[in-house]
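For reference, the chains in residue letters:
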Amino acid sequence: MEKNASTSSLKDLGPSGLDLTSAFFKPIHNSDPPLPSNRRTKVSVVGVGNVGMAIAQTILTQDLADEIALVDSKPDKLRGEMLDLQHAAAFLPRTKITASVDYEVTAGSDLCIVTAGARQNPGESRLNLLQRNVALFRHIIPPLAKASPDSILIVVSNPVDVLTYVAWKLSGFPVNRVLGSGTNLDSSRFRFLIADHLDVNAQDVQAYIVGEHGDSSVALWSSISVGGIPVLSFLEKQQIAYEKQTLEDIHQAVVGSAYEVIGLKGYTSWAIGYSVANLARTILRDQRKIHPVTVLARGFYGVDGGDVFLSLPALLGRNGVVAVTNVHMTDEESEKLQKSAKTILEMQSQLGL
């Protein structure tokens, strides 16, 4: 990428670049020096397309960072997005917003979120698209890791499972500090559909989609609860009949929901923006919440055969992935998860990493 100096809010408004701060404010005499404060929280977002900006905007409005750095290969688009956010400063929490095509602007980040990715061309194979994205990641991940060696990486670019594996390999980071957005949004859609069916608040529904963020994802029906009540065991105890096809239809609605949004408006943005900001909140504030996100799955739930990344319910905190949750799965669900892992491994095997 072409280098470009990072741009922040204009400080020098006077003639010849005069700093007007001293004219507006007079120091208090005989005052103590400032007390040492905690280090400022910094989040970097790579890619200022619809998804990247939805994430940045949501993090900004939810006051999750003291500084947000934006990176993209298109300098005009990048500066325009930065200025557009800066001009809303009077309505938002005080946050420093910077932008550059140079990854040095991300230095010292606590969290780096990668949304950049190549779009599929008409008639292009999925493998060719994946290889183009791997080539792109070779230009993104190493400089990010160099600028912020202690940061946590969240991959949002698709196919998110394979690209999270790629980011892990290219960054050299420990496995707990590399994760993907995975099925966090899929699970939110799943909870919404169940809540809508039962006419309850989605926050009272505990439900996970795991495995690949894609067609081979697995709905964990056996562990769904509403208000703490396990749904399937409740129906069985009450001798309430239900059809397995009904459950499968809800799962397929989850899988197809992104395609529906894309078909209607051309892209998805707001839901993934809230989803990733939700992950950022859990990590930056060490909330120790459980999210179904893309993690190294080898050794969990019978997944083996290689270093495969896919979504599992994971406990997240300030150090990234703290642990993988031991959620109950039926034999059928476990088999589907292992099949999903094999699907991802087949894609990974063609990358040559």
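Just above sits the structure.
Residues numbered from 1 in each chain as written. Predicted model: local features only at pLDDT ≥ 70, side-chain atom pairs only at ≥ 80, totals over all residues. Heavy atoms only, no water.

Participant: Just checking my understanding: could you explain the packing of aromatic side chains for this structure?
Facilitator: Both the distance between ring centres and the angle between the ring planes are used here to describe each pair of aromatic rings. Counted under the stated rule, the structure contains four aromatic pairs. Consider the rings of Tyr165 and Trp168, whose centres lie 6.3 Å apart with planes at 55°: the pair is tilted. Of the two residues, Tyr165 and Trp168 are both situated in helix α5 (residues 160-171); the distance of three residues between them amounts to about one turn of the helix. With respect to class, Tyr165 is no different from Trp168; both count as buried. On the numbers, 5.4 Å between centres and 50° between planes, the contact of Trp168 with Phe309 is tilted. Highlighted residues: Trp168 in helix α5 and Phe309 in strand β13 (residues 309-317), separated in sequence by 141 residues. Take Trp168 and Phe309: they sit in the same class, and that class is buried. (Phe/Tyr/Trp six-rings, centres within 6.5 Å; stacked < 30°, edge-to-face > 60°. Helix = DSSP H or I, 4+ residues; strand = E, 2+ residues; numbered from the N terminus. Buried < 20%, exposed > 50% of the residue type's maximum accessible area, 1.4 Å probe, protein only.)

Participant: How do you make sense of the pairing of strand β2 (residues 67-71) when you look at a structure like this?
Facilitator: In summary, the side chains of a regular strand alternate between the two faces of the sheet. For β2, the tally of buried residues reaches five of five residues, placing the bulk of the element in the interior. Neither face of β2 is open: one carries Glu67, Ala69 and Val71, the other Ile68 and Leu70, and all of them are buried. As paired strands, strand β1 (residues 42-46) and β2 are joined by five bridges and run parallel to one another. Residue pairing for β2: Val46 is matched across the bridge by Val71. With respect to chirality, the unit in which β1 leads through helix α2 (residues 50-61) into the neighbouring parallel β2 is right-handed. Sheet topology note: the β2/strand β3 (residues 96-100) ladder contains five bridges and is parallel. When the sheet's bridge partners are listed, Leu70 is paired in β3 with Ala99. (Pairing = 2+ DSSP bridges. Right-handed = clockwise from strand over helix to strand, strands pointing away.)

Participant: Please explain α2 as it appears in this structure.
Facilitator: Spacing of three or four residues puts side chains on the same side of an α-helix, whose turn is 3.6 residues. Relative to the 16 Å expected for twelve residues at 1.5 Å per residue, α2 spans 16 Å between its end C-alpha atoms, a close match to the ideal helical length. For α2, the elements touching its buried residues are β1, β2, α3 (75-86), β3, β4 (111-114) and α9 (270-284). Once α2 ends, the next one or two residues include Asp63, with phi positive near 55°. (Expected span 1.5 Å × (residues − 1). Contact = heavy atoms within 4.5 Å.)

Participant: Quick question: what am I supposed to make of the side chain of Ser171 here?
Facilitator: Positionally, Ser171 belongs in helix α5. Taking the relative accessible area as the measure of exposure, Ser171 reaches 12% and is therefore buried. For Ser171, the side chain forms a polar contact with the main-chain oxygen of Trp168, separated by 3.3 Å. (Polar contact = N/O pair within 3.5 Å; in protein donor to acceptor, adjacent residues only side chain to side chain.)

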